[in-house]
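Coordinate analysis (summary)
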Amino acid sequence: MPESIRTVDFTVTEKDISPAAPQWAGVQGEHQATRVRFKLPESLIGKGHHFHVEWIDGMQAFGMSEQLTATDDGKVAYLLPSAWTAAGGTAEVRLCAGKDETDEEHGQVFFSAVGRLTFSPRDENLPSVTDAKNMLFALLGKTESVLKKTEDCVQSSVEGERGCVNFGGQVALAYGRCNAEAGENTEIAMPCAFSEVCFLLVQHGGTVIPVAAHTRCSFTIKPTESMTDIFWFAVGTPDEN
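This section reports on the structure supplied with the text. Here the structure is a predicted model, which means the values were calculated and not measured.

A separate point is the sheet that holds strand 4 (residues 34-39). Spatial strand order, 2-1-4-7: four strands in an open sheet with mixed pairing. In this open sheet, the two edge strands, each paired with only one partner strand, are strand 2 (17-18) and strand 7 (75-79). Of the pairings in the sheet, the one linking strand 1 (residues 6-12) to strand 4 comprises six bridges and is parallel in character. Among the inter-strand pairings, Arg6 is bridged to a residue of strand 4, identified as Thr34.

Below you can see the structure in the form of structure tokens.
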């Protein structure tokens, strides 16, 4: 099993779950970075039960884990996949227990109370997707106006497969390609600096790669598998200092 970055522990009883307050579980879109672990009540330890983790994300989508087994000390753990964390916000998680018998008496026997997990936005310092798109459209409109008035002010600096286009000191577009190793933080230096980044997209094929962190002149990604020929571009206000 992959190693988690963090563990969120819940203690389950026949009637409730603790802690009851929402627990921070990482960043939206992370894959198997957070392990949720349930401490079982005595009534479910060593009785031949199998377990599942059920999930309802911030958009009310439902998910269920594969069959899980308890450790000798009475704990059941599960690594949260990116499909479960993608919605962000606050999610609900619960443990369910059953036995292999299919008759009514020995079938599903237990559902825990609901535990709650919260996730930080993927890009805490960036606008929401909707806000970013609106800002991008506004910037592109502003760029068109600037270009009509100051065509001779456009400067382009291209180095191999990356570059930066500065539109009259009002808007800058940086772009490039890169490679990244699985599970490693890869910092990408952008060919220009921004005073404000309004839109940043990192993509491999048809998959958007989460940005773990960014500065005015670089960003960091940590893909779950090794990738080559990753494409990225950023739009923002250029830093003229």
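Structure shown, so let's carry the discussion forward.
Glancing now at the sheet that holds strand 14 (residues 186-189). Spatial ordering of the open sheet is given by 14-18-17, a layout of three strands whose pairing is antiparallel. Of all the strands in the sheet, just strand 14 and strand 17 (211-214) have a single pairing partner and so form its edges. Taking each pair of neighbouring strands and ignoring which way they run, the sheet shows an average axis angle of 25°. Two elements, strand 17 and strand 18 (residues 218-221), share three bridges in a ladder whose sense is antiparallel. Paired with Val211 across the two strands is Ile221, which belongs to strand 18.

Tallied over the entire structure, the rule returns seven aromatic pairs. Arranged with centres 5.9 Å apart and planes meeting at 25°, the rings of Phe10 and Phe38 form a pair that is stacked. On the criterion of sequence distance, the pair formed by Phe10 in strand 1 and Phe38 in strand 4 is long-range, its members being 28 residues apart. Among the residues examined, Phe10 registers a relative accessible area of 1% and is labelled buried. The exposure class of Phe38 is buried, given its relative accessible area of 0%. For the pair Phe219 and Trp232, a centre-to-centre distance of 5.3 Å together with 70° between the ring planes defines the contact as edge-to-face.

If you look at the biggest cluster of nonpolar residues, it comprises 24 residues, and the most contacted ones within it are Phe10, Phe38, Phe51, Val53, Trp55, Leu80 and Leu117. Only strand 1, strand 4, strand 5 (50-56), strand 7, strand 8 (89-98) and strand 10 (115-120) provide two or more residues apiece to this core. Counting residues per element, this core draws most heavily on strand 8, which supplies four residues. Sequence-distant contacts of Phe51, that is, excluding residues within four places in its chain, are made with Leu40, Leu44, Glu66, Gln67, Leu68, Ala70, Val76, Leu95, Cys96 and Ala97. Counting residues in each nonpolar core, the second largest holds 20 residues, with Ala180, Met190, Val202 and Ile230 among its members.

Now for the pairing of strand 19 (residues 227-238). As judged from the eight bridges shared by strand 13 (residues 171-180) and strand 19, these two strands associate in the antiparallel manner. Each residue of the ladder has a partner; that of Ala174, found in strand 19, is Ala234. Of the pairings in the sheet, the one linking strand 15 (residues 194-204) to strand 19 comprises eight bridges and is antiparallel in character. Across the sheet, Gln203 pairs through a bridge with Phe231, a residue of strand 19.

Glancing now at the environment of Glu3. You can see Glu3 is positioned in the segment before strand 1. In this structure, the C-alpha to C-alpha distance between Glu3 and Arg35, residues 32 residues apart in sequence, is 8.7 Å.

Now for unusual backbone geometry. Note that the residue after Ser18, namely Pro19, is joined by a cis bond; omega there is 0°. As for its placement among the helices and strands, Pro19 is situated in the loop between strand 2 and strand 3 (23-27). Of note in this structure, Gln32 is not a glycine but carries a positive phi near 55°. In this fold, Gln32 is placed in the loop between strand 3 and strand 4. A positive phi angle, close to 70°, is found at Gln60, a residue other than glycine. Locating Gln60 in the fold gives a position in the loop between strand 5 and strand 6 (62-64).

Let us look at the environment of Thr186. By the element assignment, Thr186 lies in strand 14. Given a relative accessible area of 15%, Thr186 falls into the buried group. As a C-alpha pair, Thr186 and Thr220 span 34 residues in sequence and 5.4 Å in three-dimensional space. Residues within four places of Thr186 in sequence aside, it is in contact with Asn179, Ala180, Glu181, Phe219, Thr220 and Ile221.

The rules behind the values
Residues numbered from 1 in each chain as written. Predicted model: local features only at pLDDT ≥ 70, side-chain atom pairs only at ≥ 80, totals over all residues. Heavy atoms only, no water. Pairing = 2+ DSSP bridges. Helix = DSSP H or I, 4+ residues; strand = E, 2+ residues; numbered from the N terminus. Axes fitted to C-alpha atoms, helices over the stretch in contact; angles between N-to-C directions. Phe/Tyr/Trp six-rings, centres within 6.5 Å; stacked < 30°, edge-to-face > 60°. Buried < 20%, exposed > 50% of the residue type's maximum accessible area, 1.4 Å probe, protein only. Core = buried A, V, L, I, M, F, W, Y, C linked by side-chain atoms within 4.5 Å. Contact = heavy atoms within 4.5 Å.

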